[in-house]
Amino acid sequence: MEVQQIGSEEAKSKSSDELYKILSTSPDGLSDEEVKQRLEQCGPNALESKEESALLKFLQFFWGPIPWMIEVAAILSIIVKHWDDFIIIAVLLIFNAVIGFAEEHKAANALAALKKGLALKARALRGGKWQEIDASELVPGDIVRLRLGDIIPADVKLVEGAYISIDQAALTGESLPVSKKVGDVAYSGSVAKQGEMVAVVTSTGSQTFFGRTAKLVESAGAVSHFQKAVMRIGDFLIFVSVGLSVLLITVELIRHMPVLDLVQFVLILVIASIPVAMPAVLSVTMALGALSLSKQKAIVSRLQAIEEMAGIDILCSDKTGTLTKNQLALGDPVLFSANDAQECILAGALASKEENQDAIDLAVIGGLREKACLGHYQQTEFMPFDPIGKRTEGTVKDTQGVVIKFTKGAPQVVVDLCNLDDKDKERAEKTVIEMASKGFRTLGVAKSLEDGNWDFMGILPLYDPPRDDSVDTIEQAKKHGIQVKMVTGDNVAIAREISGQLGMGTHIQLASDIFKDNSDPGHLSAEDAMKIEKAEGFAQVFPEHKYGIIKALQDRGHLVAMTGDGVNDAPALKQADTGVAVSGATDAARAAAALVLTAPGLSVIIKAVETARQIFERMMSYTIYRIAMTIDIMFFVVLAMLVFKFKPLTAVMIILLALLDDIPIMTIAYDNTRIDPKPVKWDMHSVLTISTVLGILAVIQTFSLVALIYEWWMNNPQLQNWVKLDTPHIQTIAFLQLVAGGHLMLFVTRTKKFLLKPPFPAWPLFTAIIGTQILAALMCGFGWLVPALPWEMIGIVWIYNIIWMFFQDIVKIVVYRMINNRVKHKQKYLSIMNRPLHTHGSLHQG
């Protein structure tokens, strides 16, 4: 039997019974067989994605400034009938396209696999049982339960429950959440902010009002600050290459070099110099980082979040479930009107709902000696906890048919409901403070009969002990230069107790002391911002306060990571430099976060920071190497042509150089790197300094060898008798020198320490560097595509390069020390300059 999808307007006009009839369903839900048939008919509850042709994606790598230059060079090779050049240029073009396509495909597949872990979930009534399923499996006629924090998985009609408040700003532009009741419709992609209701699915997938399911994972194509910086360096290298090319063309035209030959040669030279493999290196490094994190139970929803984590210096962490076990145990109740402890616990249990699997509800129900006593009551209504009301409420009917209401929640809220005398109020407050000083969380419990008056029954103490790994993780964070600040909705006493146990300090700031008079949390005074910076934790925090805390820390020059799990955490998670949705977070929180944890605790975040800093180091070594090599190739070729008046490299050699360069570069993503003990940030001055010094040294190294051979060896009869060399041999020597010297430079740039100290190169990088060296030596020795060179001369070139490699390494260490000393002096100077102003709270400090 075919089932039709019902539009939202039609669903509004129909009663629940009419909809059940049209959709061929009932309040008991669908059977598995009915679901299977409807999935075949209606398709999955998701947008139809139009996948781009793999062929078209591949052809895109032949379109753009860099491919155009290679293609022009190939055409010019045909015109001047340099067929060897043409074949090798074509190989270079195809090789770069294949590498780029393969790496992009690998990155896309890695992200697609990770996205599966972020799929929207829904609770549906199937075969008479509530089940958690993928939202994509929903069909029209399904009965679903919606509650606080859920992203509405399809267009639905609300059929049961008291109320639900829904934020549908993304769909309708309404700035405030809209309260819904039985008979109203809710739209796919909107977010449940308060309450809980049951609904029937009216339409799915592309037939919904929004036209698509909520998009959880941002596009992997977004460019991060680090990538932008590297791309700017790429543009700079192109600019330098083109500038030197113009100089070369001008001089060679004056010398009457054939125009086509000259243009073809210069084009090939520029192609070899510019960072052709840069996009592929970036994508494979990021994808491998995401894959590594997924194995550590952290799913990356934005690739650039990996880089951003490398610079994090403050981590604002939720307490419950992240720093603590979130396995609440019930202590001995403090009785007020209740006759005994079990009566007080039963009252709390009747204000709970076991099927919601809420940790507090389960702890209270678990405190009952006889769970069977719940069977004497029928729960007719349930109001779940929300961040504003701060209590739950259950309406029950006992065996006599008497209707009773029970509530449990924040003691101050429940006490205010009841008419307690001053003595009992004082006793309640004192109990809460005493319990809090011992690290207990407390719940007030009350009941109300038909007269509507609330009777305060007692206080239930709950204790959530710190996680076993929390102390060690926080210690690790400190070693990594990260300060962990606790952010909790609990009171100051509880926060101080747990924070002290974990070694995080006891300077806990009360959120209400900073965010006063309903002021805008995003705009604080300099004095309040300084309080936030100095605080070691925050208590009685509302979700909107989290946004203000992060904004203030960012305005003080910090890079901030923030953990969250609720729908109201979404603004803070988006504002943070790295928003982290903790294990068990709501769909809305996961949608806003850059990193989604699938295992509890903070240790995963620390591992993510370590991975991020390793990736940062790999990118830095690549960038330094790429700048230095461009300086080496371009300046050497131009200088040699101007001084010696001949091409030091043939077009074929330059293309082979570019091809051989790509191989070790692609393995940088797998390299072993040190983990910087402090947060790392992009320092363009340092990168340009070290890369320019190494580049100039490389030019001196290459030019000196060629000059030595050209001016001394070729004019020395004894040396010529031993190994006879001519101009083609010099070109082969220059080629071998640039391959050997360039690739050995990777050993120098990959670490700031002496190159023979750990961490040692990863096996893929080491074998790629040595492999290309051996291949280049064989090419030169046997005359493959280049004039053959005597083996004695190949040995001399290798020894020469190894000596220079160690010399470059010594210079590198000296330059890094000079840079570090400059940074230290600058920091010392700034700290001295800041002292007088700092006391007035007016200095923007980073």
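Position numbers for residues count from 1 along each chain, tracking the sequence in the order it is written. Local features in this predicted model are restricted to residues of pLDDT 70 or higher, and side-chain atom pairs are both shown and tallied only at a pLDDT of 80 or more, whereas totals for entire chains, interfaces and linings draw on every residue. To obtain the side-chain values, all non-hydrogen atoms of the structure were included, while hydrogens and water were left out.

Bringing the overall build of the chain into the picture now. In this description a helix means any DSSP run of H or I spanning at least four residues, a strand means any run of E spanning at least two, and both kinds are numbered starting from the N terminus. From N to C terminus, the chain includes 29 helices and 23 strands. Accessibility here uses a 1.4 Å probe with only protein chains present; expressed as a share of the type maximum, an area under 20% marks a residue as buried, one over 50% as exposed, and anything in between as partly exposed. Counting the 846 residues in the chain, one finds 53% classified as buried. The Shrake-Rupley method, run with a 1.4 Å probe sphere, supplies the accessible areas, and residue values consider only the shown protein chains as cover. Here the chain has roughly 37,300 Å² of accessible surface; of this, 58% comes from carbon and sulfur atoms.

This next bit is on the confidence of the model for the chain. Values of pLDDT, the confidence the predictor places in each residue, fall between 0 and 100. In the predicted model, the chain carries a mean pLDDT of 82, and the fraction of residues at 70 or more is 87%. The contact criterion used is simple: two residues touch if any of their non-hydrogen atoms lie within 4.5 Å. Taken together, the stretch residues 212–223 has pLDDT below 50 and engages in 27 contacts with residues farther than four places along the chain or on a different chain. Every residue in residues 836–846 scores below 50 in pLDDT, and together they form 21 contacts with partners more than four places removed in sequence or on other chains.

Bringing the packing of aromatic side chains into the picture now. Whether two aromatic rings pair depends on their centres lying within 6.5 Å, for rings of Phe, Tyr and Trp, where Trp uses its six-membered ring; planes under 30 degrees apart make the pair stacked, over 60 edge-to-face, and the rest tilted. Evaluated as defined, the whole model comprises 13 aromatic pairs. With 5.4 Å between their ring centres and 25 degrees between their planes, Phe646 and Tyr710 make a pair best called stacked. With Phe646 in the loop between helix H23 (603–644) and helix H24 (651–666) and Tyr710 in helix H25 (residues 684–712), this residue pair connects regions lying 64 residues apart in the sequence. For Phe646, a relative accessible area of 12% translates into the label buried. Looking at Arg145, its charged tip hangs above the ring of Trp130, at a distance of 4.3 Å from the centre. Geometrically, a charge over a ring is one whose NZ (Lys) or CZ (Arg) sits within 6 Å of the ring centre while staying within 35 degrees of the ring normal. The aromatic ring of Phe336 is capped on one face by Arg427, whose charged end is 4.1 Å from the ring centroid.

This brings us to unusual backbone geometry. A cis amide bond links Pro758 with the next residue in sequence, Pro759, at an omega value of 5 degrees. Structurally, Pro759 is set in the loop between helix H27 (727–749) and helix H28 (763–782). Here the phi dihedral of Ser24 falls at roughly 55 degrees; this positive angle occurs in a residue that is not glycine. Phi is positive for Lys645, close to 60 degrees, though the residue is something other than glycine. Here Lys645 lies in the loop between H23 and H24.

With that out of the way, let us pick up the pattern of salt bridges. When a carboxyl oxygen of Asp or Glu is within 4 Å of a side-chain nitrogen of Lys or Arg, the pair counts as a salt bridge. Counted by the stated rule, this structure contains 17 salt bridges. Between Lys121 and Asp134 there is a salt bridge, and its shortest N-O distance comes to 2.7 Å. Taken together, the residues span a long stretch of sequence, with Lys121 in strand E1 (residues 121–126) and Asp134 in strand E2 (residues 129–134) at a distance of 13 residues. We classify Lys121 as partly exposed; its relative accessible area is 36%.

Here the focus is helix H12 (residues 341–350). For H12, the tally of buried residues reaches 7 of 10 residues, placing the bulk of the element in the interior. All of the buried residues in H12 are Cys344, Ile345, Leu346, Ala347, Gly348, Ala349 and Leu350. The N-terminus of H12 is capped by Asp340, whose side-chain oxygen sits 3.1 Å from the backbone nitrogen of Gln342. In protein, a polar contact requires one atom able to donate a hydrogen and another able to accept it; more generally it is a pair of N or O atoms within 3.5 Å, and residues adjacent in sequence count only if both atoms are side-chain atoms.

What follows deals with the nonpolar core. Note on terminology: a nonpolar core comprises buried Ala, Val, Leu, Ile, Met, Phe, Trp, Tyr and Cys residues joined through side-chain atoms within 4.5 Å. Membership of the largest hydrophobic core comes to 138 residues, with the highest contact counts inside it found for Leu595 and Phe735. Sorting elements by how many residues they give to this core places H23 first, with 25 residues. Among the nonpolar cores identified, the runner-up in size contains 28 residues, and Ala535, Ile549, Leu553 and Ala572 belong to it.

We now examine the pairing of strand E18 (residues 483–487). Across the 5 residues that make up E18, a large majority, 4, are buried. In this structure, strand E10 (residues 314–318) lies alongside E18, joined through 5 bridges in parallel fashion. Note that in E18 the partner of Ser317 across the bridge is Met486. By this definition, two strands are paired if DSSP reports at least two bridges between them. The pairing of E18 with strand E20 (residues 537–539) spans 2 bridges and is parallel. Looking across to E20, one finds that Met486 is bridged to Gly537.

Turning next to the packing of H23 against H27. Axis definition: a line fitted to C-alpha atoms, over the contacting stretch in the case of helices. Angles run 0 to 180 degrees between N-to-C directions. One way to put it is that H23 packs onto H27 with a least axis distance of 9 Å and a crossing angle of 155 degrees. By the criterion of interaxial angle, the relationship of H23 to H27 is roughly antiparallel. With respect to the hand of their crossing, H23 and H27 are arranged in right-handed fashion. On H27, the residues that touch Ser621, Ile624, Tyr625, Ala628, Met629, Asp632, Ile633 and Phe636 of H23 are Ala734, Leu738, Gly742, His743, Met745, Leu746 and Thr749. Tallied by class, the residues present in the contact of H23 with H27 amount to 10 nonpolar, 4 polar and 1 charged. Reported orientations rely on four angle classes, namely roughly parallel under 35 degrees, roughly antiparallel over 145, roughly perpendicular from 65 to 115, and oblique for the rest. In this scheme the handedness of a crossing depends on how the near helix is turned from the far one: anticlockwise by less than a right angle means left-handed, clockwise means right-handed. Only Asp, Glu, Lys and Arg are considered charged in this grouping, and only Ala, Val, Leu, Ile, Met, Phe, Trp, Tyr, Cys and Pro are considered nonpolar; every other residue, Gly among them, is considered polar.

Strand order across the open sheet formed by 8 strands is E9-E23-E22-E21-E10-E18-E20-E19, with mixed pairing between neighbours. A strand with exactly one partner marks an edge of an open sheet, and here the two such strands are strand E9 (298–300) and strand E19 (508–510). Along the sheet, successive strands turn relative to each other by an average axial angle of 20 degrees, direction set aside. Alignment of strand E22 (residues 578–581) against strand E23 (residues 595–597), held across 2 bridges, turns out to be parallel.

We now examine helix H15 (residues 422–437). With 16 residues, H15 ought to run about 22 Å at 1.5 Å a step, and its terminal C-alpha atoms sit 23 Å apart, in line with that. Turning to H15, the residues buried within the fold contact strand E12 (334–335), helix H14 (411–417), strand E16 (440–448), strand E17 (454–463) and helix H17 (492–501). In this scheme, a helix's expected span is set at 1.5 Å multiplied by one less than its residue total.

Once that is clear, we can look at a negative patch on the surface. In this analysis, a patch consists of residues with relative accessible area above 30% that form no salt bridge, clustered at 9 Å for like charges and at 5 Å for the nonpolar side chains Val, Leu, Ile, Met, Phe, Trp and Tyr. In this tally Asp and Glu are treated as negative and Lys and Arg as positive; neither His nor the chain ends contributes. Lys charges are placed at NZ, Arg charges at CZ, Asp charges at CG and Glu charges at CD. Where like charges cluster on the molecular surface, the negative patch consists of Asp421, Asp422, Glu426 and Glu429. The residue Asp421 is located in the loop between H14 and H15 in this model.

You can see Thr25 is positioned in the loop between helix H2 (16–22) and helix H3 (32–42). Once you skip the residues sitting within four places of it in the chain, Thr25 turns out to touch Tyr20, Leu30, Gly141 and Val200.

With that settled, consider the pairing of E22. Side chains Thr578 and Val580 project from E22 onto one buried face, and the interleaved Gly579 and Ala581 project onto a second face that is buried too. Pairing between strand E21 (residues 560–564) and E22: 4 bridges, direction parallel. Each residue of the ladder has a partner; that of Ala561, found in E22, is Thr578.

Together, Leu775, Phe782, Trp784, Leu785 and Trp791 line one region of the surface with nonpolar side chains, adding up to about 550 Å² of accessible area. Summarising the element assignment, Trp791 is placed in helix H29 (residues 791–838). What makes Trp791 partly exposed here is its relative accessible area of 45%.

What follows deals with the environment of Ser301. Within the secondary structure, Ser301 is located in the loop between E9 and helix H11 (304–309). Spatially, the C-alpha atom of Ser301 lies 8.9 Å from that of Ala290, the residues being 11 residues apart in sequence.

Before going further, it helps to examine the environment of Glu9. Position of Glu9 relative to the elements: it lies in helix H1 (residues 8–13). For the pair Glu9 and Val185, spaced 176 residues apart in sequence, the C-alpha to C-alpha distance is 8.8 Å.

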